[in-house]
Amino acid sequence: MVRAFLVLMLLLPGAAAGPSLTSRIEEGVKRGAAFLLAQYDRGEAWGGALGTGTYGNVGRPYPYNAGPTALTCYALLKAGVPREDKTLRRAYGFLRSKYRTPGVTYELAVLLLAVAERGGAKASPDFRRGAYREQRTDHRFRKPKDTPFPTSDWTWMADLAAKLVRFQARNGGWRYYPNDFHSGGRADVSSTQFALLALSTASRCGYAVPEEVFKRARGFLLKQQAADGPAVPRGIHVAGTEPGTLDRARGFPYIADSDIPPYTRISGGMTAAGVSSLLLLRDELGSDDEMERAILDGYAWLGRYFTVEVNPGYAPFLQGSYHTTWLYALERCGDLGDREVIGGRSWFVEGSELLLSRQREDGAFPDPTCMNPQATLATSFALLFLTRAHRPVSGGD
């Protein structure tokens, strides 16, 4: 199953190393999945996440009880673990019984992804390309005709989507909680990327997300992007571009208008989040000149400052750079935008080599910059990168 995501490796620059890298990725994914399965605890599943810091260094660290388990379920399914696996069945039962509709944007979003992935695990390629869009409904029990979803999973996903819609802020973005006005801004690019990833997934599965939700999110994201940036030749990120064509390297911060200065600084993770979110919105709303310019300029920033070694341009707040989260965002930028090269570099080859070089003997992918539980979250993000988890979302084969 994983090989289907990797065969394109043979067509990349440096193709001579392709088969060897492909086999090493398959082995690395297998070991990473085995590590995650071994960490499961019947009482707490994969545990609650605990931030290594707080909003603006005030208040208490923020715990999330459903997030790590939902993310791990999603990553394991993407890694090829069958939905019938006993550990996965226990984990979904744990989530359904204790955290069916959590109260935090991140958890709602990753849980929706996990439920949708399980519900559509046996779906046809037509389902993956959004064949049920014309049958979309927001009814909790009346799922689209012939959808592979069990009714219980459809209802679960619909409830999660409806709650995410209610969580949208007035400015079109999302924050950790609804009406969360006291923590540096009304909405942030990070929460927004996960909300849109989840809602666009629900839409492709046949759930009728109101178009106005996507339109408001578009407005929010366009306002978050930097107003200007250095000129960058488009050829470094768009093949076949006429010589002399330039874009402006305009990145995204966490919160553009925040009163907490580090939140306003541009980073690779937030720029990839912004670009990939705009790509999802383009799929939902259609293209327009302003959106295309924003996407091209976002790629220009990623190309100019490209590296897989760190989260580029990251301001050191919350005690870390969320390295594997950056790589996961980079994967979405590459695969949703159908780009094998960013900044003249094969992002998947370089990112895969880096991750595999750091994989531990027990199969985990370490990332000391990730929030706790570090090994669980970092390994899940690494698996999502290595399996190119969002390749089907682009609409291609």
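Before going into details, it helps to say that this report is about the structure given with it. (Residues numbered from 1 in each chain as written. Predicted model: local features only at pLDDT ≥ 70, side-chain atom pairs only at ≥ 80, totals over all residues. Heavy atoms only, no water.)

1. As for the packing of aromatic side chains
Applying the stated criterion to the full structure yields 14 aromatic pairs. Ring centres 5.7 Å apart and planes at 70° place the aromatic pair Trp347 and Phe348 in the edge-to-face group. Of the two residues examined, Trp347 and Phe348, each falls in the buried class. A connected cluster of aromatic rings, assembled from ring pairs, spans Tyr106, Tyr176, Tyr177, Phe194, Tyr328 and Phe381. The aromatic ring of Phe194 is capped on one face by Arg332, whose charged end is 5.9 Å from the ring centroid. The ring of Tyr328 is capped by Arg332, whose NZ or CZ atom sits 4.5 Å from the centre of that ring. (Phe/Tyr/Trp six-rings, centres within 6.5 Å; stacked < 30°, edge-to-face > 60°. Buried < 20%, exposed > 50% of the residue type's maximum accessible area, 1.4 Å probe, protein only. Lys NZ or Arg CZ within 6 Å of the ring centre and 35° of its normal.)

2. Details of unusual backbone geometry
Omega for the peptide link from Asn372 to Pro373 comes to -5°, which places this bond in the cis form. With respect to the helices, strands and loops of the structure, Pro373 is situated in the loop between helix H13 (347–358) and helix H14 (374–386). Within the chain, Ala45 stands out as a residue other than glycine whose phi angle is a positive 55°. With respect to the element layout, Ala45 can be found in the loop between helix H2 (18–38) and strand S1 (49–50). On the accessibility criterion, Ala45 (2% relative accessible area) is buried. (Helix = DSSP H or I, 4+ residues; strand = E, 2+ residues; numbered from the N terminus.)

3. Here we look at the side chain of Thr271
In this structure, Thr271 sits in helix H10 (residues 268–285). Residue classification places Thr271 among the buried residues on the basis of a relative accessible area of 0%. At 2.9 Å, the side chain of Thr271 and the backbone nitrogen of Phe252 are in polar contact. Residues within four places of Thr271 in sequence aside, it is in contact with Gly251, Phe252, Ile266, Gly298, Trp301 and Leu302. (Polar contact = N/O pair within 3.5 Å; in protein donor to acceptor, adjacent residues only side chain to side chain. Contact = heavy atoms within 4.5 Å.)

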